[in-house]
Amino acid sequence: MRRRTFLGMSSGLGIVATGLTTTPALAGGRRPDLTVAVDGSGDHTGIQAAIDAAPAGATEPFVIGVRPGTYLGQVVVPATKPFLELRGLGRRPDDVVIADDRANGTLKPDGTPWGTSGSASVTVSGADFRAVNLTFANLFDEAAHPEITNRQAVAVLTRADRLIFDRVRFLANQDTLYVNSSAAGVVARAYLRDCYVEGDVDFIFGRATAVFDRCRIHSLNRGSTPNGYVTAPSTDITNPYGLLFQRSRFTSDAPAGTVLLGRPWHPSNDPNAIGMTIIRESWIGAHIPDVAWSDFGTWPWEEARFFEYRNAGPGAIVSANRPQLTAGQAGEYTAAAFLRGSDDWAPERC
C-alpha cells in the first residue's frame, strides 16, 4: 500500500491538478482576530487553544489565522462556536498541516476503541464554519499497526450546516472525509471549492449534502482488488440532495479499472439511507472501470441514487452500468439547488 508523506509533502500533487492557489491567504480577507504559531509568535501555539478562546454564540465570522507549521492533536469545533474560520497564512495549503493519529480500533486510555467518529483529527459541529488554505490529515499508519483491524481513520468529520472549505487538502486512507449531520433526517450542507481529497476505501462518505466544485479526488493504490471506493453516501430518503461533484478530476496511481466510484452505505442497516452520488462535467481517470458502482453488503448499488453527466476521460464510460442524468435532471441537480435550502444559501457565488 502506498503511504503518503504527510509532513513536508510536495505541494505539486494537490496544487497543479486542482488549481489550488499559491496566493497568500491574507489577500482580500479580513485580518485574523487571533493567530496560532508553533514557534510561540502568535496568540496561541495550538489550534484547540485558539478555538477555546473564540467567543461562543458569534453572529459574524471570527478568524483564526494559522501560521505555517504542523499542528498535532485532535481539534473539536463545538456547536456553541458558530462562524469560526481557520485560515492558513502560508502561501500554499500544505504550509499549514492540522493532524492527529488514531483509527477506529486505536484504544483510548480506558481500553475501549475510539470508533470511526472518534478517530477524526478534526470534528466540526459549529455552523457556518470556514477553512481556507490549509491541510487536514489523519496520520494513522496502517502498515505500522497490523494489530488494529478497524482501520477507519477520519481526517475531518462534519456535523454542522453551511460549511465552506476553500483550497483545503484532506489526507488519510480509509474514511478520509466524513460529511455528516447532527442526526438522521437532518440536512447539513457543505461547499468544497478547489480542494484535494485523498484516500482509498469509502474516503468521502456520510449523509450530508456536499458539493465538490473544481476539486481533485485522488484514490491511493492499496495493491488490492478492488483498490477501493471513492464514495459511500448514506443520504436520507427525505433528502433530495447528497454528494455532488462538478468540474472535478478523479485521479489515481492505481492500475486501470481497479477503483469503484462508490457504494451505498446503510448505517446500522438503515433502509432509509438511500445514498446519492452525482458526478457531472468532470474528468475521470482510467482507474475507474466500466462497472463503476458496487453493492455494499446486501444493499445493491442499483437501488441507490448514483448518476453521471457529461464526464470525460478514459474512465468516463457511458453504458448500461453507468446511469446518466437526462438533460432535464441535470438542470435540476446543480450546485445552487443542492446548497440553496430554505435560507437561500449561495456560497458558490462568493
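Residues numbered from 1 in each chain as written. Predicted model: local features only at pLDDT ≥ 70, side-chain atom pairs only at ≥ 80, totals over all residues. Heavy atoms only, no water.

As recorded by an unreviewed UniProt entry, the protein carries the name Pectinesterase and is attributed to Actinoplanes campanulatus. Taken directly from UniProt, the Sequence similarities (unreviewed entry) text for the protein runs: "Belongs to the pectinesterase family." According to the UniProt record, the Catalytic activity (unreviewed entry) comment for the protein is "[(1->4)-alpha-D-galacturonosyl methyl ester](n) + n H2O = [(1->4)-alpha-D-galacturonosyl](n) + n methanol + n H(+)". (UniProt positions renumbered as here; feature names shortened; annotations may be inferred.)

(A) Local environment of the sheet that holds strand 14 (residues 201-206). Read across the open sheet, the seven strands follow the order 4-7-9-11-14-17-20; overall the sheet is parallel. Of all strands in the sheet, those bounded by a partner on one side alone are strand 4 (75-77) and strand 20 (259-262). Between one strand axis and the next, the sheet turns by 10 degrees as a mean value, whatever way the strands run. The sheet contact formed by strand 17 (residues 228-233) and strand 20 spans three bridges and is parallel. (Pairing = 2+ DSSP bridges. Helix = DSSP H or I, 4+ residues; strand = E, 2+ residues; numbered from the N terminus. Axes fitted to C-alpha atoms, helices over the stretch in contact; angles between N-to-C directions.)

(B) The arrangement of unusual backbone geometry in detail. That bond from Thr225 to Pro226 is cis: its omega, -5 degrees, falls within 30 degrees of zero. Turning to its location among the elements, Pro226 is positioned in the loop between strand 16 (216-219) and strand 17. Within the chain, Arg214 stands out as a residue other than glycine whose phi angle is a positive 60 degrees. As for its placement among the helices and strands, Arg214 is situated in the loop between strand 15 (209-213) and strand 16.

(C) Here's a closer look at the nonpolar core. In terms of nonpolar packing, the biggest core is built from 56 residues, with Phe136, Phe165, Phe170, Leu192, Phe212 and Ile217 touching the most fellow members. Beyond its immediate stretch of four places on either side in the chain, Phe136 contacts Leu86, Ile98, Val122, Ala131, Ala155, Val156, Phe165, Val168, Arg169, Phe170 and Leu171. (Core = buried A, V, L, I, M, F, W, Y, C linked by side-chain atoms within 4.5 Å. Buried < 20%, exposed > 50% of the residue type's maximum accessible area, 1.4 Å probe, protein only. Contact = heavy atoms within 4.5 Å.)

(D) Representation of empty space enclosed by the protein within the structure. Applying the stated rule across the entire model yields one cavity of 30 Å³ or more. In this model, the largest cavity occupies a volume close to 40 Å³. Around the largest cavity, the lining residues are Pro264, His266, Ala273, Ile274, Gly275, Trp299, Pro300, Glu303 and Ala304. For the lining of the largest cavity, the per-class residue count stands at six nonpolar, two polar and one charged. (1 Å grid on protein atoms, 1.4 Å probe; cavity = no way out; pocket = protein on both sides within 12 Å on 5 of 7 lines; lining within 4 Å. Points joined across faces, edges and corners; volume = space filled by probe spheres on them. Nonpolar A, V, L, I, M, F, W, Y, C, P; charged D, E, K, R; others polar.)

(E) Molecular detail of the UniProt feature "active site" (unreviewed entry) in the protein. In the numbering used here, UniProt assigns the "active site" (unreviewed entry) feature to Asp202. Its place among the elements puts Asp202 in strand 14. Exposure remark for Asp202: the relative accessible area of 6% places this residue in the buried category. Leave out the neighbours within four places in its chain, and Asp202 touches Asp175, Tyr229, Val230, Thr231, Ala232, Arg263 and Phe296.

(F) Broad picture of the confidence of the model for the protein. Residues of the protein with pLDDT of at least 70 account for 92%, and the chain-wide mean is 93. Here residues 5-28 is modelled with pLDDT under 50, and outside its nearest four sequence neighbours on either side it reaches 61 contacts, counting other chains as well. (pLDDT = per-residue confidence, 0-100.)

(G) Spatial organisation of the UniProt feature "domain: Pectinesterase catalytic" (unreviewed entry) in the protein. According to UniProt, the feature "domain: Pectinesterase catalytic" (unreviewed entry) maps to residues 33-341 in the numbering used here. Within residues 33-341, the helical portion is 7% and the strand portion 34%, while the C-alpha atoms at the span's ends are 30 Å from each other.

(H) Region of interest: the packing of aromatic side chains. All chains considered together, the criterion is met by 12 aromatic pairs. Between the aromatic rings of Tyr241 and Phe338, the centroid separation amounts to 4.7 Å while the plane-to-plane angle is 45 degrees, which identifies the pairing as tilted. Here Tyr241, found in the loop between strand 17 and strand 18 (243-246), pairs with Phe338, found in helix 5 (residues 335-340); they are 97 residues apart in sequence, far enough to count as distant. When the ring of Tyr333 is compared with that of Phe338, the centres are 6.3 Å apart and the planes differ by 70 degrees; the resulting orientation is edge-to-face. The positively charged end of Arg263 is found above the aromatic ring belonging to Tyr229, 3.9 Å away from the centroid. (Phe/Tyr/Trp six-rings, centres within 6.5 Å; stacked < 30°, edge-to-face > 60°. Lys NZ or Arg CZ within 6 Å of the ring centre and 35° of its normal.)

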